[in-house]
Every structure is written in C-alpha cells, then in structure tokens.
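Fold and contact review
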Amino acid sequence: MLQRPRVLVLSAAIGQGHDGAARELVRRLDRRGLDAHVVDWTDLLPAWGRRLLRDLYAPSVHHAPALFDRIFTDLEHPRRPASVVTRRLITLAEEPVLAAAADVDAVVATYPLAGQTLGRLRLDGLLDVPALTFLTDPAAHRLWCHPGLDDHLTVSDATALDGARYGVALTSVGPLCAPRFSRPMPVATRGRVRAELGVPDDVPVALLVGGSLGMGDVEHAVDALGRDPRAWTLVACGRNGKLRARLAGRERVVTLGWRDDVPELMAAADVLVHNAGGLSCTEALVAGLPAITYRPIPGHGRANAAVLDDAGIAPWLRGPDELVEAVDRVGARPRRRRPPRPWWTEERDASAAVARHVLGAPDLVAAG
C-alpha cells in the first residue's frame, strides 16, 4: 500500500485562532488524501521561550496595552529589541523544526514565528520540501511574510493586498473554518437557543466576543451596548472566569463560558461585536452573521480592524452611539437562512493550494 503524502502543520496554542485554522487544514488535507498532523511550534522552544510567548501575551494585552502596541510596532523594525529577541526564538526553533519535518512532503505554518523559521530554513537550503504559511490575521505584518516561503495564503483579497507592501506575493484562498459554520441552521435554532438563554424573540441581540481568553475592553463594550433600551448582549467570555464573574447579574446581559455550540449562538444573534484579535470574525462572516469591530485590542487587533474596515468586511466603530445605532439597524433586518459563500471554492481553498505544492495538482477528493 502506497504511503500517503505527509504534511506537517506548525501552529501555536496562543489563543485559538492559530490552532483552529491548523485543525481545519488537517481535516481538509485528510479529505484530499494527504496525511497531515499538527505540532505546536512553541513546544519546540526552550522553557523560557515558551513562557515568554504563552504567559505574557494575555497579561500584556489586558494590563499594558500601550506596551503591547509598542512591541507590535517595534517588530516591524529589525534592529529594535523586540525584533532581536524574536529572531533569537526563530533561530532556536530551526533544528527542532528540521527534526519534526524530517519525513514530510510539505510544511505549513499557521503562526507567524513558525513561518519565519520555515522561511529561513528554505532560504538557507536546509529545508528541501515546500514551506507555506497561512495568515490567520486580516492584516499582514513583517513577521507573517518571508521571501524564502513557497507560498503565503490568506483568507481574503484584502489581506493579500495589504501584504503586498512586504514584497511577497500573497494568495487569497478563503477561510479555514469548521464546516458547521457554513451549513444552514434549521429555522427553529434561533428561537430555541434564545429560549434556552432567556432572551426574548423580538429584540436585537449582539454576540460580543473577546477570543478564547476574553481579552480586550469587554466591559466597556457591554456598557456601550447597554445604552440600547432593547438590545440584549451575549458575552462569550471564553476561559476568562474572572470576566464572567464581573459581568454577572447585569440587565439584558447573558454571560457565557467556553462553548462548543458557537454556530448555534451565531444563529441566535443579529450581529457579532468583536475586538479584531481572533477567529470569531471570520467564523461569523462564513455563517452569514454581520460583524462589527469595537474597541479592538492593541497591536494586531487595531491593524486587523483597519484592514477589515477599509475592505468593507467589518466596520470599525469608534463610539457607543455608533455601536448602538449599528446594532439597531442590523437587528431590524431579516437574517439570511442560507449564508453566502463569496470567498472560496473547492479549487480556491488552502488545502488545494497545499496539495498543489505536494502533488503538482489538487487531489480530486473534495475538501468538504
């Protein structure tokens, strides 16, 4: 029996966006007849490097947003301290990545520093199989782009256009979201979920998300939405139990912990309000739920918000009155029963792009 071509996907357990895209890519590659598996790039680092990336991300966003914003900006400049430390981590990962990729036919990164490692290895001639990266952010960044990579895959044309300033070609291939977000929901789902959450049928509902870590100025957004005398807010607090406790008991606010039924929650809502830092915006657009950016997190959140706003994908609203008006306006529209799929086809798909590099042409098996 012939061995299936093997693909290594390098992700990072920092939030859920990178891992979510990696898992969906593996599922689609499997459907195309390729054997794919995920390795966490941060697991290949020494302990101090893992702690630096995993443990300081959320606290810096929460408690030192100005510092986080400065670090994000400094990473665009190779000689600044943040870039020097980052290059050290990228270099330390080279040998472990080569070992992990010893028997594979291609490597794909869904985390920017992993992509930088792959680009360096390809440019130096040490990695002899195709290396690609999939940008999980709407905004490109120097760390997402490397001339040594064989391909840069993005969700939308807006991201591809934004990335052109780094001198590399980016290819829009559509989102890597689980198929349940694109499947039409039964008509009864909306009413059932609202009833389970104690939300009336005839009011506008905003689903407010802050990623798996409940990051950003969520409480400010809840206060802003509370100015609407009719609207209800479903707050997805993720794994942030402290945030959920602080918001408990507010009028017309339903706080939620970690949930696996996000497509159903989206069916019950009229609009998604997000901080531009996670995967939820893409999932909402795939599900046909309008998205609004409000109070984006610093750094990549603000960069993402700008790209989404400029492209007309998700407006970036600056004030509470704008937010209330937008929620009322969207809540008055009838929801589509079948979400549109404007961005991708079976041929224009991340797994098809990877398959082309591995096989020379995409497999005939549908990604599904």
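Residues numbered from 1 in each chain as written. Predicted model: local features only at pLDDT ≥ 70, side-chain atom pairs only at ≥ 80, totals over all residues. Heavy atoms only, no water.

Moving on, we get to the overall build of the protein. Helix and strand counts for the protein stand at 15 helices and 12 strands. Taken over the C-alpha trace, the protein has a radius of gyration of 21 Å; the compact-globule value for 368 residues is 21 Å, and the two agree within 12%. Counting only C-alpha atoms, the protein reaches 60 × 50 × 35 Å along its principal axes. Across the 368 residues that make up the protein, the buried fraction comes to 55%. Taking the intrachain contacts of the protein between residues at least 6 apart in sequence as the baseline, contacts between residues at least 24 apart amount to 65%. (Helix = DSSP H or I, 4+ residues; strand = E, 2+ residues; numbered from the N terminus. Rg over C-alpha atoms; globule rule 2.2 N^0.38 Å. Buried < 20%, exposed > 50% of the residue type's maximum accessible area, 1.4 Å probe, protein only. Contact = heavy atoms within 4.5 Å.)

Tracing the backbone shows Thr133 in strand E4 (residues 131–134). If sequence neighbours within four positions are ignored, Thr133 has contacts with Ala109, Gly115, Trp144, Leu149, Asp151, His152 and Leu153.

So, on to the pattern of salt bridges. When the charged atoms of two side chains lie near each other, side chains of opposite charge can form a pair. By the definition in use, this model includes 24 salt bridges. A salt bridge links Arg54 to Asp40, with the shortest nitrogen-to-oxygen separation between them at 3.7 Å. Of this pair, Arg54 sits in helix H2 (residues 47–63) while Asp40 sits in strand E2 (residues 35–40); the two residues are 14 residues apart in sequence, bridging distant segments of the chain. A salt bridge links Glu219 to Arg250; its shortest N-O distance comes to 4.0 Å. Remark: Arg250 occurs in the loop between helix H10 (241–247) and strand E9 (253–256) and Glu219 occurs in helix H9 (residues 218–225); sequence separation between them is 31 residues. Take Arg250: its relative accessible area is 28%, and that puts it in the partly exposed class. Salt bridges linked by common partners bring Glu24, Arg27, Arg28, Arg32 and Asp349 together as one network. (Salt bridge = Lys/Arg side-chain N within 4 Å of Asp/Glu carboxyl O.)

It is at 9 Å that the axes of helix H4 (residues 81–92) and helix H6 (residues 112–123) come closest, and there the two elements cross at 65°. Once H4 is placed against H6, the crossing between them reads as right-handed. Contact residues: H4 offers Thr86, Ile90 and Thr91, while H6 offers Leu113, Gln116, Thr117 and Arg120. Of the residues belonging to the contact of H4 with H6, the class tally is 2 nonpolar, 4 polar and 1 charged. (Axes fitted to C-alpha atoms, helices over the stretch in contact; angles between N-to-C directions. Left-handed = near helix turned anticlockwise from the far one by under 90°. Nonpolar A, V, L, I, M, F, W, Y, C, P; charged D, E, K, R; others polar.)

We now examine the nonpolar core. Counting residues in each nonpolar core, the largest one holds 35 residues, and the members touching the most others are Leu10, Trp41, Leu53, Val97, Val107, Tyr111 and Leu118. Listed by contribution, the elements that provide at least two residues to this core are strand E1 (6–11), H2, H4, strand E3 (106–109) and H6. Among all residues touching Val97, those that are not within four sequence positions of it are Leu10, Trp41, Leu44, Thr117, Leu118 and Leu121. Counting 32 residues, the second largest nonpolar core, distinct from the first, contains Val209, Met266, Ala291 and Leu308. (Core = buried A, V, L, I, M, F, W, Y, C linked by side-chain atoms within 4.5 Å.)

The next subject is the sheet that holds E4. In spatial order, the strands read E2-E1-E3-E4-E5-E6; together these 6 strands make up an open sheet with parallel pairing. Among the strands making up the open sheet, the edge pair consists of E2 and strand E6 (170–172). Neighbour to neighbour, the strand axes of the sheet diverge by 25° on average, direction disregarded. One ladder, built from 4 bridges, connects E1 with E3; its direction is parallel. In the strand pairing of E3, Val7 is matched with Ala106. Packed onto the sheet, helix H1 (residues 17–31) meets E1, E2, E3 and E4 and runs at close to 170° relative to E1. (Pairing = 2+ DSSP bridges.)

Moving on: the side chain of Asp349. Topologically, Asp349 is positioned in the loop between helix H14 (320–331) and helix H15 (350–359). A polar atom in the side chain of Asp349 sits 2.2 Å from the side chain of Ser351. (Polar contact = N/O pair within 3.5 Å; in protein donor to acceptor, adjacent residues only side chain to side chain.)

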